[in-house]
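Commentary on secondary and tertiary structure
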Amino acid sequence: MQAFQIVEPHKAELREVPVPEPGPGQVLVKVGGAGACHSDLHLMDAPPDRLPALPFTLGHENAGWVEKLGPGATGFAPGDPVLVYGPWGCGTCPSCRVGMENYCENNGGIGGGGLDGSDGGMAPYLLVPSTRFLIPLGTLDPRDAAPLADAALTSYHAVKRSLHLLGAGSTAVVIGVGGLGQMAIQILRAVSSATTVVAVDTAADKLATARRMGADEALVSGDAAVTRIKDMTRGQGAQLVLDMVGVDPTLRMAAQVARVRGDVTIVGLGGGALPVNFASPPHECSVASPYWGAIGELMDVVALAQAGKIEMLVEHFPLERAGEAYQLLREGKIQGRAVITPNG
């Protein structure tokens, strides 16, 4: 079979690889969809000393159908549609024991297939270490559901940790309304309907999409957006600011529009730095950089999707066009999520 792999620093291409055979406890998944994520671009651009052993297959955001169970693997049957939880932890440390394998204490929190050097889902088949990483999809189509595993889960976890700040009269600002930002807007609408949601971006088409997905206000990034958010909140700022970009200008804005005792949550991997001094961010404003989410939260995400509360804009690409999909992603030309469909 062919797989889309990073073969050397700054180079990814299709290569012939063998179909894996599941060992004890493992499961082979026939891939329906594998999301193309900005994290993959960071891997492609990383220097050699920041990369795991090469080559390896990209794709950490995966859904498909159970193809074959290894000896001792239980709980699923061939043909079952499944979503694959991405962070593959050890299963035994304190974090893993409570379902937070995204913070596994024994693998450095790197993640699973497609991130840490083990093969991901941009191939016809994906070998998953354990059935505990599989979430039943029910009637959801794996080709469309793949982004739930990261774009939706990451956004859900980022919102959920600040729910105590949200409610009637509260404001949440989402900076950057690409794939993750669009999910964050819908999740905010689903779990805290009384919150005023403000979308901020540089692209007019993405702001229009944000409005369709439930944003109350859609602002072009810049000083005027800061002024508008301050005016909307009577000068106080927002209870929650989600920076889905993470570059210097967006982080500066996040600090400007957050309120005293609010939350600034850095989701984007842009590599910027948040300026911190006695007056900025505002007093007792908490800053966090969460990573992915817990297995139980992924079950919540699937339930929201099954109820029609969240839906990702998906553009499908066959495996042979994976390189093109990443180039479009790099150029900012993907409206929601590019999903590679190795099996059509």
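**Things to note about the side chain of Asp243**
Relative to the assigned elements, Asp243 resides in strand 12 (residues 238-243). One buried charge, Asp243, has no salt-bridge partner; the nearest side chain with opposite charge is Arg252, at 10 Å. A polar atom in the side chain of Asp243 sits 3.3 Å from the backbone nitrogen of Leu251. Excluding residues that lie within four positions of it along the chain, Asp243 makes contacts with Ile175, Thr250, Leu251, Thr265, Ile266, Val267 and Gly268.

**Let's talk about helix 10 (residues 322-330)**
Those residues of helix 10 not exposed but buried are Ala322, Ala325, Tyr326, Leu328 and Leu329. For helix 10, the arc enclosing every buried residue in end-on projection is 160°, short of the 170-degree limit, so these residues lie on one face. Where helix 10 ends, the next residue or the one after it, Gly332, has phi of about 75°, a positive value.

**So, the pattern of salt bridges**
Between side chains of opposite charge, a pair can form when the charged atoms approach closely. For the coordinates displayed, the defined rule picks out 12 salt bridges. A salt bridge links Asp45 to Arg330; its shortest N-O distance comes to 2.9 Å. Here Asp45, found in helix 1 (residues 38-45), pairs with Arg330, found in helix 10; they are 285 residues apart in sequence, far enough to count as distant. Given a relative accessible area of 41%, Arg330 falls into the partly exposed group. Close ionic contact of Glu331 with Lys333 constitutes a salt bridge, the shortest N to O distance being 3.1 Å.

Conventions we followed
Residues numbered from 1 in each chain as written. Predicted model: local features only at pLDDT ≥ 70, side-chain atom pairs only at ≥ 80, totals over all residues. Heavy atoms only, no water. Helix = DSSP H or I, 4+ residues; strand = E, 2+ residues; numbered from the N terminus. Buried < 20%, exposed > 50% of the residue type's maximum accessible area, 1.4 Å probe, protein only. Lys, Arg positive; Asp, Glu negative; His and termini not counted. Salt bridge = Lys/Arg side-chain N within 4 Å of Asp/Glu carboxyl O. Polar contact = N/O pair within 3.5 Å; in protein donor to acceptor, adjacent residues only side chain to side chain. Contact = heavy atoms within 4.5 Å. Arc of directions from axis to C-beta.

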